[in-house]
Each structure stands twice: as structure tokens, then as C-alpha cells.
Amino acid sequence: MHRTNIDRVAILEIDNPPVNAMSQPIRRALADHVARADSEPEIGAMVILARGRTFVTGIDLTELGQKPRDPGMAEVVDRIEAASKPVVVAWHGTALGAGCEIGLAAHRRIMGRQSRVGLPDIRLGLVPGAGGTQRLPRLIGLPAALDLIASGRVIDAMEAFALGLCDEVTDGDIREAALAAARALIGRMQPRLSLRPPNPPEPGQWEAMVERVRREARHRIAPLRAIELVGQTLTTPYAIGGAAERRAFLELTASDQSRALRHLFFAERALRKRPELAEIRPRALARIGIVGSGAAATGIAATLAERGLAVTLVETAEGGLQAARERVAALIARGIRSGRVPEAARQDIASRLSFQGDLAALAGCDLVIEAVFEDLALKRDLFERLEEILPPQTLLASASPLSDHAALAGQLAHPGRYLAMHFLAPAPAMRIVELGRTRHTRPETLASAYALLDRIERMAIPCLATEGLIGSRMVARFRSQCDFLLEEGALPAEIDRALEAFGLPIGPFAAQDLAGLDIAWARRKRQAETRPPGERDVPILDQLCERGHFGQKVGKGWYRYRNGQREPDPDVEALIRAHAASTGRRRQAFTADAIQLRVLAAMVNEGCRMIEGGIVARPAEIDLLMVHGHGFPAWRGGPMQEADARGLRVIQSAIEASAQRDGVGFEACRLVAELIASGRSFGALNRPAMVDVLQPA
């Protein structure tokens, strides 16, 4: 903290780089400076601002779950509001969580034109814990406050001004603007926001917002607590509401959901650290070539062009080039309609795109990405031709997760420039890219690919470039277990209901109907020749497709569709039962819990095999991929985190039961808890034990 006095105004500057998190020493210093300035007769007002590129972006998350250290954030914020002299807060950069709550306690809020503000605690499974749920409704009304708190939206200065969240937006020096506002308030004490009664909402507004939040919560508990806390401001004084908010914050901090979401937060932060490449200077990849005209190729082309890169897409098949143009144009138009891409950027994006019918057009590219049909011979031939055209420094990548990457890299004269770069579909909307290296890939190649993905704001999940990479292997195990369950007594609707209750946005059979069963059928036929002899296989999908059941687009797949509504198909269920009977396996009834556990165990075991095999380094990277790329519920933290949480609970229960019998075991339980808290996956360290915990024989 730093303090300067100018014209009877005490300027208090928070200085805790890089993001000015409110750690305990900073909280203590701010509270002390406010109290000292409040007691000095020569001081008439205070300004709170922050040094560096941003205002306060929240509390120090490493303190969550630890023994509380005084002063708490709520105590500091209450001290600011209780000051006998006016306090002005200057928000620049981002003012998030505790940064927003500091401003809510002040008597005037100034924002820089480019600054943003919000209460994103909900993204970590929490509610604001320093008065945010109680002061914000009193400032901007209950419906608007619940919208911001339950969504975690971060809004710009003009929206904040329109809502009444800030009092002034400045294009100039925010320090000077705040100082001027503070001078004007000297001798004019402002009322405390916590004592202001909120304006009653218009009829129906609050109920409509509550209904929307409940609908969008989808198993998450924090948004429901936010409804309670914001709603009580109409009838409950701040002293009681603030205490209730603090209790809710502490309860949510200890919840499995918040622990899971914080796991993802820290995993994403760790992903950005690449110490092995710290000394490697990446090459600038400004012009990107793409070979192909399908969904993968055009999705990648649209993504790169939207992010300012020059893209040359080559398709040599007759008619393919025009189809590629149309697909890319449709993707960009969709981005504009959704608000992801500004309308004004349409022409600039189009100017960066070039569509060519000759591979020679790629000669000037820094990186060429292969995204052609899944045929190894075709890909081998393509890379051989590319090597004849491209200089040795041009990087080569395959966008396919299913290619034999070792074979493709091994045939190159310069294999160090090859890597796998799998953009999850739809590429323009998905944050995740699987970045696979072979044993030949040079560090400079990896560093350059990382730099490119950072530039286009994609999360790169590193792995060894084996067939299937990470996601396809995990999804294959997930899907296989669902098919095995059909042979053992479950029906599609039962499995879908169980997994939607688990948190998936859509069950696997309904999702396959939506995508088209013919897509999965074509993949099965391609893979049939390489399927290991004796591997368990369920051919029901083949039988459905042979009967013309291609999914929702034709009105029948795993389900039948009438007037857009999905319903079980008795004919499909009869087909499933007939096939199951032909296998001779005993059929049984499955509970939802049993289905969920069976599928989870299959994914976790596959994840552990990949870690043991060196395909992926950390369980958290699997979790990030499955959550952000394959719809695994974020509030469960990913399959590996969910396994750790379940495994720890089972182990704790077993040890506690043992301790009740013979008084031993608590020390072992503590060691397991410390192991998991350290970020190392119990499942990854001891796969057989995890199998036993999750899926007993």
C-alpha cells in the first residue's frame, strides 16, 4: 500500500502485482490506512485506487479453505463504508469480486472508459462474501443485481454507468478524475449504501429473473444461494443479510462444487506456465495454410481469420473449393449473429482469407495444417507433396486426433517441424486445442505453436501425439461403456437420464441422434479393419443405421421424434433386447448411480493409463479438456477430480470405520488428504487402487 496526501485528500494506492489480489497483508494495510486517514483532522476525503494495469481482481484464492486470517474482506469493506469522510474509488482495468465490493462500500465510483467490473465469484462455486449480494441490489435493483451475481458477467464501463453501478466514466486520467470527485465531496458526507432500502422491482421482473437463474443453474448450488441472498434485501437489514452472506460464502467454500471449480481455475493457471520452453524463442506464425474443405478445415480457417491471421485454404478436389468458401462464410456470419465477431470486422476478415486449388499456393506459409479425410495413405501422400513445396522452416501439423502421428512425422525429411494440432469442434466457439508432440518435435516448434494458440486465445492441452490424443480416447471409453450397458440391461433413455442427472448437457444417445448416427456409423466402418480381435464390440448402431435410423434429421435414431419431441422407440428397445439376449449376458436393472459410476470409472481408468504411459503429464490437463471440450460438468471439476473426491470420501469412510473399531487410521487419512490437496491425483498415482474404489470387482 502507498499513501499520498493532495489538497486534503488521502490517496490510498493498492500495490500487489500482478493483479492486486487482496491477500491478508494488503487487507490489513488498506484497513489501517483508511482508519488512519479517517482520524486525521486535516484529511477531508479519501481516494482508493490501484497501481499497475488493473484494479483489484479479487481475493487471494490460495487462502480459501484455510484458517481465516484477520481482517477478513467483509471487515475491510465495512470499515471503508463506515468512514466518517467521503471515499471515492477509481476502477481501472478490471475490478472483480473484492475489487467491485470495495467500490460498493465507497461513496462514489469512477470508471475508466476501457475498464470492466463484475462479481464473478459464481464461476468458482461461490457467492460474493464481502457484502456484494447485499449492497448491489440496493444500488441497481434486485433483478439486475441477481443477473450480474448469478451469471458472473463482467460488464464494461458504459453498461455499469447505465445500470447505476458507477457514477462517472472518464476518458482521461482516472487518478485526476477521482481526486476531483473527492475534493467536491469534502464536507458533504454521503449516506451509506448498506442503509439504503432497495427499490421494489417492477411486477413480475424479480420472478422472471429467479426463474431464469434456476433454469440456468443446472445442478449448481451457488446460483440458488444467490437468489436467497439477493431476495432477502427487500425485507432484511444489512446487519442480518451480511451475516447470512458470510455464512453462505463459508459453506460454499467447503463444498465439493467450489473445490472442483477452483481445481479447474488453478489447473488453467498452471497450464500457462511452460518452464521447459522458457528459454526457447518462438517463431512468429503470421500466415497459415490449411489443406481441406470439410468442417475441421473451414472451422480452423474461420477461427484464425477472425483473430487477425492471414489464411490460405487449399482444396484440390473439384467443387470442394466453393463448398469451403460457403462454409467459412456461414461460420463468420454465425459469429456476427452471436456477437462473437463485430459486424464491422466482416470485410477485414474476408480480406485475410484466400481460397486456392493448388498446393503451391502454400509456399509462403509459416504453418500448414492438414485437415483432410481420415485416410493414412492420403495423408502420407499429402505430406510428401508438401515437403517438396515448403521450405524446411515451415511447420507442419495434422488437425486429426485419430491419425498415426508417429508414422506421419517419421516419413518427413525434417520431422522436428511436425505436431498434432486438434481444434475441437466447432473451432470458432471452442477454447480447447489438443497440442500433440512426437518424439521428433523440436522445442521451437512447440513454442511457436503455443504462441500462436495464445494469440488466438485458445487453451493448449499438451500431450504425446498418439492415435486418439486425449479426448478421443476418453470419449471412446465413455461411449463403449454406454453401449455395454445396453447389452447388460439398460435402455438409451435410462442411460441418458442418469448422465444428464450427473450433469451432462445432453445424454450420449440423444447427442448421437442430434449429430447423426450415420457419422458414427461411417467411423465404425473405417475402424473395423483395425479393431483388435476379441475386443468387445456392440453392433446395435450398425443395425439401426441399416434400418435407416440416422437420427433426429430423419425423425428416428435411438429415439423417435414427433413434432420435434424426443420419445423412446419401442422398436429400438426390442432390437436392443434381442441383441442382448443373443450375447448370453445376464441382464440386470441399473440405478442412475450405478450407470454414472460405471461410466466415470471407465474414463478415469483410461485417464490413468494415459498418465502412466506418458501421453499426458497431469490429471488436471485431462480435466480441463473434458470440461471445456467435451461437456463434462464443470462443477464436478473433470473426471479425474471427481474420482479424487469420491476416492477420498470412500477412503475416509473406511478409515473412520476402522478407527471406530480399533482406534487407528486417522493419520493415514490425513496423508491421503494432503496428497490430493497437493494437486497430485490419487487415481493417477495408483490406478489399481482407483479401480477398486470406483468400480469394485
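Residues numbered from 1 in each chain as written. Predicted model: local features only at pLDDT ≥ 70, side-chain atom pairs only at ≥ 80, totals over all residues. Heavy atoms only, no water.

**Let's talk about the confidence of the model for the protein**
Of all residues in the protein, 93% attain a pLDDT of 70 or more, and the chain-wide mean is 90. For the stretch residues 661-697, pLDDT sits under 50, and the model shows 57 contacts to residues farther than four places along the chain or on other chains. (pLDDT = per-residue confidence, 0-100. Contact = heavy atoms within 4.5 Å.)

**Structural notes on the sheet that holds strand S5 (residues 94-96)**
Consider a sheet: its strands pair through backbone hydrogen bonds, and that pairing is either parallel or antiparallel. Read from one edge of the open sheet, three strands run S5-S7-S8, paired in mixed fashion. Only two strands of the sheet have a single partner each, and these edge strands are S5 and strand S8 (154-156). Averaged over all pairs of adjacent strands, the angle between their axes in this sheet comes to 20°, without regard to strand direction. Sheet analysis places S5 next to strand S7 (residues 116-118), joined by three bridges and oriented parallel. The residue of S7 that forms the bridge with Thr 94 is Arg 116. Relative to S5, helix H3 (residues 98-105) is tilted by about 85°, and along the sheet it contacts S5 and S7. (Pairing = 2+ DSSP bridges. Helix = DSSP H or I, 4+ residues; strand = E, 2+ residues; numbered from the N terminus. Axes fitted to C-alpha atoms, helices over the stretch in contact; angles between N-to-C directions.)

**Some thoughts on the packing of helix H4 (residues 132-140) against helix H10 (residues 238-253)**
Contact geometry for H4 and H10: axes closest at 8 Å, N-to-C directions at 135°. By the criterion of interaxial angle, the relationship of H4 to H10 is oblique. From H4, Gly 132, Thr 133, Gln 134, Arg 135 and Arg 138 reach across to H10, where they touch Tyr 238, Gly 241, Gly 242 and Glu 245. (Parallel < 35°, antiparallel > 145°, perpendicular 65-115°, else oblique.)

**Digging into the sheet that holds strand S14 (residues 395-398)**
Reading across the sheet, the eight strands line up as S12-S11-S10-S13-S14-S15-S16-S17 and stay open at both edges, with mixed pairing between neighbours. At either margin of the open sheet sits one strand with a lone partner, and together these are strand S12 (353-356) and strand S17 (459-464). For this sheet the average axis-to-axis angle between neighbouring strands, irrespective of direction, equals 25°. Bridge count between strand S16 (residues 432-437) and S17: six bridges; the pairing is parallel. Bridged to Gly 436 within S17 is Cys 463. Taken strand by strand, helix H13 (residues 320-338) contacts strand S11 (310-314) and S12, and its axis lies near 160° from that of S12.

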